[in-house]
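# Geometric and topological summary
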Amino acid sequence: MADGEKPQASRADVPATSPPVPSRSWRRSVQPVLTIISHGTAPFISTFLLIHLSAPILANLGGEAMASQVMMIGRELYQTRHAEPILYAALVIHPLASTLRRVLAPTTAGPVSPKSKGYLERIKSYPRNLISPLSLPAYALVLPLTIHTLTHRIYPSLPIAPIFSLSPSELDFSYVQYVLDAYPWRSWLGYGMLVGCVVWHGTEGVRLIYNSYEWVRGGAQTWRRELRKMIIVTGAVMIPVLSGLWVMSKEPLLMLGGTAERCHAALIQSFAYRY
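Residues numbered from 1 in each chain as written. Predicted model: local features only at pLDDT ≥ 70, side-chain atom pairs only at ≥ 80, totals over all residues. Heavy atoms only, no water.

If you look the protein up in an unreviewed UniProt entry, it shows as Mitochondrial adapter protein MCP1 transmembrane domain-containing protein from Laetiporus sulphureus 93-53.

Here you go:
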């Protein structure tokens, strides 16, 4: 070695350094929290929906009278001082958390096979695509659910003339009978879309939670198989619900003229029934 020349370090002298560990993305970190919020609000909404759907189904057996009795009993559960704010909060928080979970999802795709290493951990951080059998009916549900909530709960409670805050006894299924009689094609379209989207989204959501997120994002075959299942389940629930509404629509409307005018005034507050 020449004088003044520094010895060069051999490969063995160089300490081995491991590749830098990527920091956990804040988007991935927030996914489990949004998942808990989205799934935690689902039971409150499901209880409300079970009552609402069971009432028209029982109308196949006892007509409007039985449906109204079931609805009145159900209102004792969710139209209380504390329960109703929780229900409305769940109806707002659930879609917001679900939408944020998809919008803020990391861009890197997770494994597609349930047998892949770390599948369950990764699938919780990478939610479904914005377009899926779960999200599509949820998007379609926004308009009919908004109209239904306004025309069947908010507007009838207004103290303005000539509505004068319809009482709960006046907002039984005779109100639905009036809507079906006064606005047949609009009401059937609205109720049909509402029931179909709710049942489709709810059934797919229950399946997703039950399977602990073990969803295989497959190709066309998976979509076709899931589509057939959802059509069968949705139809199995929609048929008795809509047939119950049909039974009530064929019954005579037992409503005073003054009450009918107040119902009409509540309905025309919405653009869907104004013209």
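### Considerations on the overall build of the protein
Counting its secondary structure elements, the protein contains nine helices and zero strands. Along the protein, from the amino end to the carboxyl end, the secondary structure elements read α-α-α-α-α-α-α-α-α. Looking at the protein residue by residue over its 275 residues, the buried ones come to 37%. For the protein, the accessible surface area stands at approximately 16,600 Å², while carbon and sulfur atoms represent 67% of it. (Helix = DSSP H or I, 4+ residues; strand = E, 2+ residues; numbered from the N terminus. Buried < 20%, exposed > 50% of the residue type's maximum accessible area, 1.4 Å probe, protein only. Areas by Shrake-Rupley, 256 points an atom, 1.4 Å probe, with all protein chains shown as cover.)

### With respect to the environment of serine 187
With respect to the helices, strands and loops of the structure, serine 187 is situated in helix α6 (residues 184-210). Spatially, the C-alpha atom of serine 187 lies 10.0 Å from that of glutamine 177, the residues being ten residues apart in sequence. In this view, serine 187 contacts Val179, Leu180 and Tyr273; residues no more than four positions away in its chain are not counted. Of the polar contacts made by the side chain of serine 187, one reaches the backbone oxygen of tyrosine 183; its length is 2.5 Å. (Contact = heavy atoms within 4.5 Å. Polar contact = N/O pair within 3.5 Å; in protein donor to acceptor, adjacent residues only side chain to side chain.)

### Regarding unusual backbone geometry
Of note, the amide linkage connecting alanine 161 to proline 162 takes the cis form, showing an omega dihedral of 0°. Phi is positive for phenylalanine 164, close to 55°, though the residue is something other than glycine. Its location among the elements puts phenylalanine 164 in the loop between α4 (135-154) and α5 (173-182). A positive phi is found at serine 165, a non-glycine position, where the angle reads about 50°. Taking the relative accessible area as the measure of exposure, serine 165 reaches 32% and is therefore partly exposed.

### Quick look at helix α8 (residues 257-267)
Residues of α8 that are buried include every one of Thr259, Ala260, Arg262, Cys263, Ala265, Ala266 and Leu267, and no others. Residues of α8 that are buried make contact with α4, α5 and α9 (271-274).

### Some thoughts on the pattern of salt bridges
Going through the model one piece at a time under the given rule, you end up with three salt bridges. Across the pair glutamate 204 and arginine 207 runs a salt bridge, and its minimum N-O distance is 2.9 Å. Here arginine 207 and glutamate 204 lie together in helix α6, a separation of three residues that amounts to about one turn. Under the relative-accessibility criterion, glutamate 204 is labelled buried at 0%. On the basis of relative accessibility, which here comes to 22%, the residue arginine 207 falls in the partly exposed class. (Salt bridge = Lys/Arg side-chain N within 4 Å of Asp/Glu carboxyl O.)

### Points about a nonpolar patch on the surface
Together, Val33, Ile37, Val92, Ile93 and Leu96 make up a nonpolar patch on the protein surface, roughly 400 Å² of accessible area in all. The set of elements that each furnish at least two residues to the nonpolar patch consists of α1 (26-78) and α2 (83-103). Considering each element in turn, the nonpolar patch owes the most residues, three residues, to α2. Secondary-structure assignment places isoleucine 93 in helix α2. (Patch = residues over 30% accessible without salt bridge, like charges linked within 9 Å, V, L, I, M, F, W, Y side chains within 5 Å.)

### Description of the nonpolar core
A general feature of soluble globular proteins is that nonpolar side chains tend to end up buried together. Ranked by internal contacts, the top residues of the largest apolar core, which has 31 residues, are Phe173, Tyr175 and Leu267. Among the elements that take part in this core, α1 stands out by supplying eight residues, more than any other. Counting five residues, the second largest nonpolar core, distinct from the first, contains Leu53, Val195, Met238 and Val241. (Core = buried A, V, L, I, M, F, W, Y, C linked by side-chain atoms within 4.5 Å.)

### Regarding α2
Compared with an ideal rise of 1.5 Å per residue, which puts 21 residues at 30 Å, α2 spans 30 Å between its outermost C-alpha atoms and is within 8% of the ideal. For α2, the full list of buried residues reads Glu84, Leu87, Ala90, His94, Ala97, Ser98, Arg101 and Arg102. (Expected span 1.5 Å × (residues − 1).)

### Structural notes on the UniProt feature "transmembrane region" (unreviewed entry) in the protein
The sites that carry the UniProt feature "transmembrane region" (unreviewed entry) are, in the present numbering, residues 130-150, 188-210 and 230-248. Summarising residues 188-210: 100% helix, 0% strand, and an end-to-end C-alpha distance of 32 Å. Between the C-alpha atoms that bound residues 230-248 there is a distance of 27 Å. The span itself is 100% helix and 0% strand. (UniProt positions renumbered as here; feature names shortened; annotations may be inferred.)

### Quick word on the packing of α5 against α8
It is at 11 Å that the axes of α5 and α8 come closest, and there the two elements cross at 70°. In terms of orientation, α5 and α8 fall into the roughly perpendicular class. Together, Tyr175, Tyr178 and Val179 of α5 and Ala260, Cys263, His264, Ala266 and Leu267 of α8 make up the contact between the two elements. Each residue belonging to the contact of α5 with α8 can be placed in one class, and the counts come to seven nonpolar, one polar and no charged. (Axes fitted to C-alpha atoms, helices over the stretch in contact; angles between N-to-C directions. Parallel < 35°, antiparallel > 145°, perpendicular 65-115°, else oblique. Nonpolar A, V, L, I, M, F, W, Y, C, P; charged D, E, K, R; others polar.)

### Overview of the side chain of glutamate 84
Positionally, glutamate 84 belongs in helix α2. Filtering out sequence-adjacent residues up to four positions away, glutamate 84 remains in contact with Tyr78, Gln79 and Arg153.

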